[in-house]
Amino acid sequence: MKLSRNVLLLALLAVAVGCTQAALPGAGGLNGVNTVAVVRVAGWDGGPTDGGRLVDALYGQTAFISSTNTNDLKGLDLIVTDTSQGRAYVPAPNPLQPLSIPTVDHPVEIATSLRYGRITTQQSYFPLGYMDGQVLTGMLLFVRGAASPNISVVGAADVPESLRQLTNGLLVQSAGVVTAISARLTSDERNVVLYYATFDGQDGTVWERVLQHPPTIDPSFTPPFPTSLTSLLDCSGTPPTLPSTTLYLCPARAVRTYQNASVSALQVLPTLATDPPLPVLGGVEGGRLGVALRVPFPPASDPTSLSASGEVRIINPALRADQDADGTSSDPFFRIARFFAPFDHPEPPLIADAPPQPPIRHLMTHPRAYSVVPDGGTPLGPPVLAYEGARLFGVLDESSCYGSVNCSGVLAVDALPFLVDGGVNSNYGLLAFDNSDCQEVSPQGQVYCANIVGSTNRMLPLRFGSGIIQGLAMESSAFLPSPTSFNFGLIPLLGMATVSAESLDHTQAQIYFFDAVGLRLLNENFGPGVTNGVTLVLPGGTQLIPDGGAYGTIPFITANVGVGLYPRSESISIINEGEIPGLIGIRGIPYDAGISPDGGLQDVFAWPVPDAGSAVAANAVQVNDLLYPINLSGSLCSITVTLPGGSALINPNVVVVGVDDGGTSIFTTPLDLSLCPGASGYLVLAGPYSAQPYLVVGSVSGLLGRMQSAPSDGGPSPVFQVPNSISEGLGVTYPRFFDPNVDAGVVIPPDGGLIAGVASLPLTLQIPLPDPNFLSNIQAYYAFVISNGFLAAALPIDPVGLGSAGLYLPGGASMARIIDVNGEFILAIVAYPSSNTVIDFAPSNIVLNYPNAGAITVHF
Amino acid sequence: MRAPLKHRAPLLCCLLALSCAQYPPPNPSPADRFYFPTGLAFFLPPGSTSGILYVASSNYDRRYDQGNLIAVNLDRMQAPALPGVPPLAGLPPPGFTVADTAPAFQFTDLATATGDVVQIQSFAAEMLRDPVGYGGRPRLWVATRAEGDLLEPVSTDPGGEGLVCVPAGNNCVFSGLSVAVEQEPQGGTGQPAAPQPYGLGLSKEDSMVPGELWVTHIRPADSPPTSGLDLENYVVHLNARSPIPFVNVPNAFVPIGLGPGNSISVGRTNVWVSGRASLTQTSLDVLLRIVDRDNLQTYFPQLALQYATSQARGLAVRADESRIYLVGLFPDTLLVVDVKDPYSQYPTVTVVRAVPLPGGPNAVRLVERPGAGDVLAITCQNDGSLAIYDDDIGQLATIITGVGIAPYDVVVDQRGDAARFFVSNFDDGRVTVIDALLGGPGQPLLARIVAYLGQQQGCILATNDSTCVGSQ
């Protein structure tokens, strides 16, 4: 049978449409993939000969992934025991199916029972064989559902009886929907303290519930694991003795109530020696808690830039509550973490007259970071760069600034009251310092700053392009492929963020890496400035190489690019008598074609400018520019004129004499438009006799401004700079997005001005007297490529090479240190809601800023 | 005296022949129930307790000749007694109390009367109500996707009843406006046309042209018709308040490129169009398109470059157009989009939040609360639920499960801090009534199902189900 052409076309169309659809639930049964969390349950392995030892992941190291459409968790077993096998889902009793652990409906947040402590390592940088202050978890996992007043308590030890939602393990709250959860495991692992927040329509309340935890690290512990919860009515004294098959659960205790605010995130912080015990069970180990508050209406003092405000408080639940949301608390341990100036606050508890801050929608802290270096020079110890919980990271709530970039990115505040040297941290509770004041130089002469904690410049928000930050993860002593730019591959504390922004062909990077100690993006660019030389391009395509002098060793065009200020690397053109972008092919001619009532030509023609071009007209058009009439097809008006010795075809033009303030009309000398039958519009050229005759245009940026060259008398070249009156008139701003390395002590200004040698203008250009070929040819141009000196370390995915087309919207992310048959390595796990899959990869195996396939495993 | 058999036999043959030549008897959609209900509209007349609900039945399996549009007077319905539930006449006004845990009322008797029903084409999609209409008679507009690709205007009396097809009659199939006449295989050029009209939007009284109806459609128009070539999608605009509305070909059609539009909202100077999948992976994204009402140019803000759901369904726009709520599909997500310069030709749109939704989200309805954040109600077809988002917490505040099978559309009756949501259940045949408290001091946002309207259609569909015998 022969298919008709139309049928084939429709079939192709259907296939094309199908290609844009997300995948159906995969073999793993993931459906509505959302978040991911890693559990590692330690245990005492009672060896027959050595008397036993503590094993980090005796009861499994598992990544749990939530599925909102099937209301369950699936577990990806991260430990490989057979080199011929890959990682796989924890199987169900019928091993053909992955295990499905039912949870609260629409699970959207998973909280591990978290503590920081010693883990085993095989890294040579830790000759004693262990790292302190690393992530440990208990066997209890807590799951929050969307729009749910319930929390699931799940057993997460990788043994058959444990992987389940515990009987009676659905905690039902009556105070409203649960908006955030976080849980701490006590250092003896005998209790878990769960914190959760509810919202009752007006106020947010933080609650605490203490649960029993089986002491798996105790030599006396033996499975089976408990499978149920037993609620206690009174936890004021010691708990009753219960069978080993069940865990006690204390009543909820209200810790704080915040009026007219909701709690958008919680994060337990590592317990300090000074933290008082909780008033539960006669004194359960306490600890501080990061609380992100959101006030859902614009602050009275700044309603135009913030649609909602917020703050982060570091509270100690063992102490008396701060009841007042306006900050007039008497709680001695109360802190407000501030992001915006002023930062010179009196010490606790408050910053007087501090401006409103945008809210935070996600909180996270980190394990201990050590000063490790990959070239064998790691000092013995090694010394600590940042203790666990030294910073509290927060994802800004993008919905709070009317779409402005000011409410995007990741910030960090200092969350420890002391420094690594034991001194008082006067910055406790305030925006952290980045390491841009670092000039660490490697033996190879390269600047690298991965092992430096800054003390001078406040960090900038870590931004990873446009879109929404979807996931955040951190891990200590992690390798990235070498060479990365100047970090030598080993990052003391590697941060990873996933973002939603993508390209239509699904190849743009959506996984980014950052230095979580230095609090800067990892820069993979070698340097700013002109990268490809300068070419003079003449109409017709002839290309010449201009000589800057000294036999080509002096650049013809001087370009200085402010690293972290100029947003893109692109091709720049400096054009002689160029058509002004935005004023090309404009429809409209002067009223009555410029004819006066008396039949003569008006003295001044007023050419109408549409709204879309008015900003350009008002800011970029100069006196003595040239305006050319065009017809409907966009062709220039042509007139045959008689000259001595014959006739010639010319394109008539008029000279600009002014522009009205709003850019709605361009005024020119008159022209008899009857000579141009069909004239219906115009275009404007930068005139040779204008004050700044040359256009500067970026291949991506578009019109950057206008400039002039050095004068013919040999005088100095005027400096062209961005921003300028044209870019400002067009509403283009250049917020700093990355801090360059500067000498210690330099305070980097947010914008503008040359400070202590730090380039703080996005772009400056200087051009000598141009070549005669340039000056004598309309639309001749100098072209050169500039690098902005910045390329964020990122992982693009090669969907073709990987054979998986749905990886264009990552979700939650996690990282974990694994020791298995493949050795010791950091593994990153990223959920992909767009394909109902999960990927894993070792950051050490990827190629930065290059499409990756081989290093990535997709779990369907 | 009876005729001899030999004389009667030719007579019988004649009768048989005649009967064979006759058309089958009319088989209109029933007026006492909904059948694959889709589009909804609501009106609260002065003096009414619970108002009038307009329900379009889409006749999805073409069991009947056409679909229909029923005006249900909610004060007149009857709910028979059920175990634990007394009989009830008329739906009580919205008044949800937390302590109220009574079972939902089953209003199986819609108590429809003459003038409450008109026939419309099958495959009804979205519906809206124009409170002004023409000649003192408000109008309902419903888009239908079956033969004729019709827009069907229906006028009502000021009290919301007395349905009449515009300009006359009670079968709007004969009076509907085709938006795809150029798709006629015989004589049509193919374009411009809007086959399978789907989404409707009406301009507001303070906009540049009040009473302007805008329409999206699902199937791309090809040229020549049925060729599958030169595909194009359009939005169509027309005067909804002219005595006899008409579609001006070609001036009423604005091309919007590849990728069907889904829902549409008419702003002061721009029209906001949500879109289904792009046709090719690298074509411009159509999650959101913006049409300038002045110069009729289409702007592609490429929202998918910020957050790539594969498709979009319903959208809701704040009255001041500073924010858009867009329902994304694959993955199922509510996209919160802030808009800068919404009245310019090229507004800046920024995705500022992405909220995971239960499976199969479709329609969204916005409730703006004075002095508090927005509330959104989203039907979730696969999950059988209504998800309610509260912008004060930036999360879903509640999910009403068990709403019905394949919830499709939702409309709201807002009264201060209380709201009543009506949800049409496509595969269930009923409309679910959900009362909500919109939150406030010490009072979280709560909602519960208080009633079902109509009868389940399962027994109509499951003709071999013995438990259904006698139930129709």
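Everything quoted here is computed from the prediction, not taken from an experiment.

1. Description of the overall build of chain B
Part 1 of the reasoning: Scanning chain B for helices and strands turns up two helices and 32 strands.
Part 2 of the reasoning: Computed over C-alpha atoms, the radius of gyration of chain B comes to 24 Å, within 12% of the 23 Å expected from 2.2 N^0.38 for 472 residues, which places it in the range of a compact globule.
Part 3 of the reasoning: Dimensions of chain B, computed from C-alpha atoms along their principal axes, come out at roughly 90 × 60 × 45 Å.
Part 4 of the reasoning: Across the 472 residues of chain B, 60% fall into the buried class.
Part 5 of the reasoning: Total accessible area computed for chain B in this model is approximately 17,500 Å², and 57% of it derives from carbon and sulfur atoms.
Part 6 of the reasoning: Of note, chain B has its 29 positive side-chain charges centred 6 Å away from the centre of its 43 negative side-chain charges.

2. Regarding the overall build of chain A
Part 1 of the reasoning: Helix and strand counts for chain A come out as five helices and 52 strands.
Part 2 of the reasoning: Referenced to the eigenvectors of the C-alpha coordinate spread, the extents of chain A come out at roughly 115 × 85 × 60 Å.
Part 3 of the reasoning: Taken over 860 residues, chain A has a buried fraction of 57%.
Part 4 of the reasoning: Across chain A, the fraction of contacts at a sequence separation of at least 24, relative to all contacts at a separation of at least 6, is 65%.
Part 5 of the reasoning: When the accessible surface of chain A is totalled, it reaches about 33,100 Å², and 56% of it is carbon and sulfur.
Part 6 of the reasoning: Of the charged side chains in chain A, 32 are positive and 65 negative; the average position of the first set lies 9 Å away from that of the second.

3. Re the pattern of salt bridges
Residues and elements named next belong to chain A.
Part 1 of the reasoning: For the structure shown, the criterion picks out 33 salt bridges over all chains.
Part 2 of the reasoning: Linking Asp-72 and Lys-74 is a salt bridge whose minimum nitrogen-to-oxygen distance equals 2.7 Å. Accessibility assignment for this pair places Asp-72 and Lys-74 in one class, buried.
Part 3 of the reasoning: In this structure, the salt-bridge partner of Glu-388 is Arg-368, at a minimum N-O distance of 2.7 Å.

4. Describing the side chain of Ser-727 of chain A
Part 1 of the reasoning: Residue placement: Ser-727 of chain A occurs in helix α3 (residues 725–729).
Part 2 of the reasoning: Assessed through its relative accessible area of 2%, Ser-727 of chain A is described here as buried.

5. Points about the pairing of strand β23 (residues 333–340) of chain B
Residues and elements named next belong to chain B.
Part 1 of the reasoning: Most of β23 sits inside the fold, with seven of its eight residues counted as buried.
Part 2 of the reasoning: In terms of strand pairing, strand β22 (residues 323–329) meets β23 through six bridges, oriented antiparallel. Bridging across to β23, Leu-326 finds its partner in Leu-335.
Part 3 of the reasoning: The hairpin formed by β22 and β23 contains three residues between the paired strands, and Phe-330 there has a positive phi angle of roughly 60°.
Part 4 of the reasoning: Summarising the sheet, β23 and strand β24 (residues 348–356) pair through eight bridges and their orientation is antiparallel. Of the residues in β24, the one forming a bridge with Val-336 is Arg-353.

6. Points about the state of the cysteines
Residue and element names in this part refer to chain A.
Part 1 of the reasoning: If you walk through the whole model with that rule in mind, you get four disulfides over all chains.
Part 2 of the reasoning: The residue that forms a disulfide with Cys-401 is Cys-407, at a sulfur-sulfur distance of 1.9 Å. Residues Cys-401 and Cys-407 are joined through a disulfide that is right-handed, its torsion about the S-S bond being 50°.
Part 3 of the reasoning: A relative accessible area of 0% means that Cys-407 is categorised as buried.

7. Observations regarding the sheet that holds strand β34 (residues 570–576) of chain A
Residues and elements named next belong to chain A.
Part 1 of the reasoning: Across the sheet, six strands lie side by side as β32-β31-β47-β34-β43-β44; this open sheet has antiparallel pairing. One side of each edge strand has no neighbouring strand; the edge strands of this open sheet are β32 (543–544) and β44 (702–707).
Part 2 of the reasoning: Of the pairings in the sheet, the one linking β34 to strand β47 (residues 781–788) comprises six bridges and is antiparallel in character. Looking at the pairing, Glu-570 lines up with Ile-786 of β47.

8. Notes on the sheet that holds strand β26 (residues 410–414) of chain A
Residues and elements named next belong to chain A.
Part 1 of the reasoning: What the three strands build is an open sheet, ordered β22-β25-β26; its pairing is antiparallel. Of all the strands in the sheet, the pair left with one neighbour each is β22 (360–364) and β26. Neighbour to neighbour, the strand axes of the sheet diverge by 30° on average, direction disregarded.
Part 2 of the reasoning: Taken together, the five bridges between strand β25 (residues 391–396) and β26 define a ladder with antiparallel strand orientation. Bridged to Phe-393 within β26 is Ala-412.

9. A look at the packing of aromatic side chains
Part 1 of the reasoning: This model, assessed by the stated rule, comprises 30 aromatic pairs over all chains.
Part 2 of the reasoning: Measuring from centroid to centroid gives 5.2 Å for Phe-221 of chain A and Phe-225 of chain A, while their planes differ by 65°, and the two rings are edge-to-face. The burial state of Phe-221 of chain A is the same as that of Phe-225 of chain A; both residues are buried.
Part 3 of the reasoning: The ring centre of Phe-43 of chain B lies 3.6 Å from the NZ or CZ of Arg-129 of chain B, which sits over that ring.
Part 4 of the reasoning: One Lys or Arg, Arg-268 of chain B, reaches over the ring of Tyr-343 of chain B and ends 4.0 Å from the middle of that ring.

10. Re the side chain of Asn-852 of chain A
Residues and elements named next belong to chain A.
Part 1 of the reasoning: With respect to the helices and strands, Asn-852 occurs in the loop between β51 (837–841) and β52 (857–859).
Part 2 of the reasoning: Polar side-chain contacts of Asn-852 include one of 2.6 Å to the backbone oxygen of Val-847.
Part 3 of the reasoning: Non-local contacts of Asn-852, meaning those with residues more than four positions away in its chain, are made with Leu-795, Pro-796, Ile-797, Asp-798, Ile-846 and Val-847.

11. Concerning unusual backbone geometry
Part 1 of the reasoning: A cis amide bond, omega -5°, links Gln-191 of chain B with the succeeding residue Pro-192 of chain B.
Part 2 of the reasoning: In this structure, Glu-189 of chain A is a non-glycine residue whose phi angle is positive, near 60°.
Part 3 of the reasoning: Among the secondary structure elements, Glu-189 of chain A is positioned in the loop between β12 (177–185) and β13 (191–199).
Part 4 of the reasoning: A positive phi is found at His-506 of chain A, a non-glycine position, where the angle reads about 65°.

12. Quick look at the environment of Gln-543 of chain A
All names here are of chain A.
Part 1 of the reasoning: Within the element layout of this structure, Gln-543 appears in strand β32.
Part 2 of the reasoning: Using a relative accessible area of 56% as the deciding quantity, one classes Gln-543 as exposed.
Part 3 of the reasoning: Distance in space between the C-alpha atoms of Gln-543 and Tyr-781 is 9.7 Å, their sequence separation being 238 residues.
Part 4 of the reasoning: If we skip the residues at most four places from it in the chain, Gln-543 touches Thr-535, Leu-536 and Val-537.

13. Describing the interface of chain B and chain A
Part 1 of the reasoning: At the interface, 51 residues of chain B touch 45 residues of chain A.
Part 2 of the reasoning: If you look at where chain B meets chain A, you find one salt bridge.
Part 3 of the reasoning: Across the salt bridge formed by Asp-397 of chain A and Arg-353 of chain B, the nearest N and O atoms sit 2.9 Å from each other.
Part 4 of the reasoning: Scanning the region where chain B abuts chain A turns up 16 residue pairs in polar contact (both at pLDDT 80 or more).

14. Quick look at the nonpolar core
Residues and elements named next belong to chain A.
Part 1 of the reasoning: Counting 50 residues, the largest nonpolar core has Val-312, Leu-392, Phe-393, Val-410, Phe-464, Leu-472 and Phe-514 as the members making the most contacts within it.
Part 2 of the reasoning: Look past the residues within four positions of Leu-392 in its chain and what remains in contact with it is Gln-267, Leu-269, Gly-290, Val-312, Ile-314, Leu-363, Met-364, Thr-365, Leu-411, Ala-412, Val-413 and Ala-415.
Part 3 of the reasoning: Residues Ile-110, Leu-211, Leu-247 and Leu-249 belong to the second largest nonpolar core, which totals 41 residues.

15. Notes on the pairing of strand β10 (residues 150–155) of chain B
Residue and element names in this part refer to chain B.
Part 1 of the reasoning: Here β10 lies mainly inside the structure; six of its six residues are buried.
Part 2 of the reasoning: With burial as the criterion, each face of β10 is covered, one bearing Leu-150, Glu-152 and Val-154 and the other bearing Leu-151, Pro-153 and Ser-155.
Part 3 of the reasoning: Bridge analysis of strand β9 (residues 137–144) against β10 gives five bridges, and the strand direction is antiparallel. By the bridge assignment for β10, Val-142 is matched with Glu-152.
Part 4 of the reasoning: What sits between β9 and β10 in their antiparallel hairpin is a turn of five residues, with Gly-148 showing a positive phi close to 95°.

16. Thoughts on the domain arrangement of chain A
Part 1 of the reasoning: Once the domains are mapped, chain A shows domain 1 (35–344), domain 2 (528–578 + 693–788) and domain 3 (586–685).
Part 2 of the reasoning: Here the C-alpha centroids of domain 1 of chain A and domain 2 of chain A sit 53 Å apart.

17. Focus: the confidence of the model for chain B
Part 1 of the reasoning: On average, chain B scores 90 in pLDDT, and the residues at 70 or more come to 91%.
Part 2 of the reasoning: This model gives residues 1–19 of chain B a pLDDT under 50, and the stretch forms two contacts once residues within four places in sequence are excluded.

18. Examining the environment of Ser-633 of chain A
All names here are of chain A.
Part 1 of the reasoning: Within the secondary structure, Ser-633 sits in the loop between β37 (626–631) and β38 (639–643).
Part 2 of the reasoning: Sequence separation of Ser-633 and Thr-764 is 131 residues, and the distance between their C-alpha atoms is 38 Å.
Part 3 of the reasoning: Reaching out from Ser-633, the side chain makes a polar contact with the side chain of Asn-631 at a distance of 2.8 Å.

19. Description of the environment of Ser-178 of chain B
All names here are of chain B.
Part 1 of the reasoning: With respect to the helices and strands, the residue Ser-178 is situated in strand β12 (residues 177–178).
Part 2 of the reasoning: Remark: the alpha-carbon pair of Ser-178 and Val-410, spanning 232 residues in sequence, is separated by 26 Å.
Part 3 of the reasoning: Contacts of Ser-178, omitting those with residues within four sequence positions, involve Gly-148, Asp-149, Leu-150 and Val-247.
Part 4 of the reasoning: Polar contacts involving the side chain of Ser-178 include one to the main-chain carbonyl oxygen of Gly-148, which spans 2.9 Å.
Part 5 of the reasoning: There is a polar contact of 3.1 Å between the side chain of Ser-178 and the backbone nitrogen of Ala-180.

Rules behind the numbers
The residue count restarts for each chain, going from 1 along the sequence in the order it is written. Each chain takes a letter, starting from A, and each ligand takes a number, starting from 1, following the order in which they are written. At least 70 in pLDDT is required for a residue's local features to be given in this predicted model, at least 80 for side-chain atom pairs to be given and counted, and no such filter applies to totals for whole chains, interfaces and linings, which use all residues. The side-chain quantities take in all heavy atoms of the structure and omit both hydrogens and water. Only DSSP runs of H or I reaching four residues or more are called helices, and only runs of E reaching two or more are called strands; each is numbered from the N terminus. The quantity called the radius of gyration is restricted to C-alpha atoms. Its globule counterpart is 2.2 Å times the number of residues to the power 0.38. Only protein chains enter the accessibility calculation, which uses a 1.4 Å probe; a residue is then buried when its area is under 20% of its type maximum, exposed when over 50%, and partly exposed in between. Computed with the Shrake-Rupley method and a 1.4 Å probe, the accessible areas treat only the protein chains shown as cover for residues. The charge count includes Lys and Arg as positive and Asp and Glu as negative, but it does not include His or the ends of the chains. Charge coordinates come from a single atom per side chain, which is NZ of Lys, CZ of Arg, CG of Asp or CD of Glu. By definition, residues are in contact when any of their heavy atoms lie within 4.5 Å. For salt bridges, the criterion is a side-chain nitrogen of Lys or Arg within 4 Å of an Asp or Glu carboxyl oxygen. By this definition, two strands are paired if DSSP reports at least two bridges between them. Note on disulfides: each one is a pair of cysteine sulfur atoms within 2.5 Å. Between the N-to-C directions of two axes lies an angle of 0 to 180 degrees, each axis being a line fitted to C-alpha atoms and, for a helix, fitted only over the stretch in contact. Only Phe, Tyr and Trp rings are paired, with Trp represented by its six-membered ring, and only when their centres lie within 6.5 Å; those with planes under 30 degrees apart are stacked, over 60 edge-to-face, the remainder tilted. Only when the NZ of Lys or the CZ of Arg is both within 6 Å of the ring centre and within 35 degrees of the ring normal is a charge said to sit over the ring. Any pair of N or O atoms that falls within 3.5 Å is considered a polar contact. Within protein, one atom must be able to donate a hydrogen and the other to accept it, and sequence-neighbouring residues count only if both atoms are side-chain atoms. Think of a nonpolar core as a cluster: buried Ala, Val, Leu, Ile, Met, Phe, Trp, Tyr and Cys residues, connected wherever their side-chain atoms sit within 4.5 Å. Where a domain begins and ends is set by an automatic assignment or by a domain database. Per-residue confidence from the predictor is reported as pLDDT, which spans 0 to 100.

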